[in-house]
Amino acid sequence: MKVAVLGAAGGIGQALSLLLKTGLPAGSELSLYDVAPVVPGVAVDLSHIPTDVKVAGFGADDLNKALEGSDIVLIPAGMPRKPGMDRADLFNVNAGIIKTLAEGIVASCPKALVGIITNPVNGTVPIVAEVFKKAGTYDAKRVFGITTLDVIRSEAFVAELKGVDVATVKVPVIGGHSGTTILPLLSQVEGVSFTDEEVAALTPRIQNAGTEVVNAKAGGGSATLSMGAAAARFCMSLVKGLQGEEVVDYAYVAVENGDAEYFAHPVRLGKNGVEEILSYGELSAFETKAKNDMLETLKK
């Protein structure tokens with residue numbers, strides 16, 4: 001099993017790489033790529049952790065070497081959001097970075113499962129898809145926008161609010177990965193119930209949690225540690241799927257005849273990536289309205 005992290009020297013990339021070094025199956029390879037000159041040092045640093053995961057670092061001119069033979073590629077590369085920036089500003093900066101990296105994947109590992117972290121995910125996932133389509137290598141089952149951060153935030157916030165063991169909390173989150181396009185299905189959380197007031201307060205907190213971190217860091221960055229944890233969790237779902245286990249997780253994927261061209265859904269993962277896009281089930285009246293209201297934004 002070979003996993004490549006593109007943008008491995010950044011805040012998300014280093015956190016993610018640490019968790020993969022300690023969490024990937026024995027015998028795996030972890031390939032770290034970044035244009036920042038520190039990336040070989042990140043690889044050396046991680047190599048001192050005693051797990052049976054081989055780590056190698058690759059600089060700006062070695063993208064193809066970093067990608068060769070990869071089963072999974074995770075992309076946290078790009079500029080983080082800063083106070084006052086919206087995701088349209090981010091798109092203008094990060095679109096070119098994502099396009100270049102996608103072209104590298106086409107050249108070196110076109111069959112890899114590709115998990116996109118770079119924001120705005122609602123916009124960067126279609127860019128990757130278009131690069132693959134132009135090259136004739138596109139397979140919708142192998143391209144994912146990683147929305148797991150919305151899921152883990154929802155789990156943490158629900159457990160905090162209700163005073164329950166977070167390990168027992170599962171919160172479906174559908175839609176997109178920014179603002180009001182993030183829709184936690186609180187009506188489907190088992191074992192707890194919410195008042196209308198709680199739903200009205202908790203939903204926007206989950207939707208705006210990224211801004212909460214950006215503001216708290218006061219210009220010093222965006223969510224890196226929690227995003228690294230979320231991406232590692234999703235990566236382990238992909239790994240289990242490739243190993244033949246049946247896994248259900250949430251991701252922003254291409255959907256035929258769905259609510260939008262791309263939509264975060266529960267998906268059954270397997271050896272080919274998405275084996276099946278699952279129904280998100282029945283929605284409450286609040287959730288139905290929120291979903292309908294977000295669609296115009298999601299379809300832009």
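See the structure above.
Being a predicted model, the structure only gives us computed values, none of them experimental.

Draft legend 1. Representation of the pattern of salt bridges in the model. The full count for this structure, using the stated rule, is eleven salt bridges. Among the salt bridges present, the one from Arg205 reaches Glu212, with a minimum N-O distance of 3.2 Å. Given the relative accessible area of 37%, Glu212 is considered partly exposed. The partner of Lys289 in a salt bridge is Asp293, with the nearest N and O atoms 2.7 Å apart. Of this pair, Lys289 and Asp293 both sit in helix H10 (residues 285-298), separated by four residues, roughly a single helical turn. Looking at Lys289, the relative accessible area reads 54%, which means it is exposed. Here the residues in one salt-bridge network are Glu160, Arg205 and Glu212, joined through shared partners.

Draft legend 2. Representation of the layout of surface pockets in the model. Here the largest pocket defines a volume of roughly 640 Å³. Lining the largest pocket are 37 residues, and of these Pro76, Ala77, Gly78, Met79 and Pro80 lie nearest its centre. Every element with two or more residues in the lining of the largest pocket is listed here: helix H1 (11-23), helix H4 (87-108), helix H6 (148-162) and helix H8 (209-216). Its residues assigned to classes, the lining of the largest pocket comprises 17 nonpolar, 15 polar and five charged. Considered as a void within the structure, the second largest pocket measures approximately 370 Å³ in volume. The dominant element in the lining of the second largest pocket, judged by the number of residues it contributes, is helix H5 (residues 121-135), at three residues. Taken together, the residues of the lining of the second largest pocket sort by class into six nonpolar, five polar and four charged.

Procedures and definitions
Residues numbered from 1 in each chain as written. Predicted model: local features only at pLDDT ≥ 70, side-chain atom pairs only at ≥ 80, totals over all residues. Heavy atoms only, no water. Salt bridge = Lys/Arg side-chain N within 4 Å of Asp/Glu carboxyl O. Buried < 20%, exposed > 50% of the residue type's maximum accessible area, 1.4 Å probe, protein only. Helix = DSSP H or I, 4+ residues; strand = E, 2+ residues; numbered from the N terminus. 1 Å grid on protein atoms, 1.4 Å probe; cavity = no way out; pocket = protein on both sides within 12 Å on 5 of 7 lines; lining within 4 Å. Points joined across faces, edges and corners; volume = space filled by probe spheres on them. Nonpolar A, V, L, I, M, F, W, Y, C, P; charged D, E, K, R; others polar.

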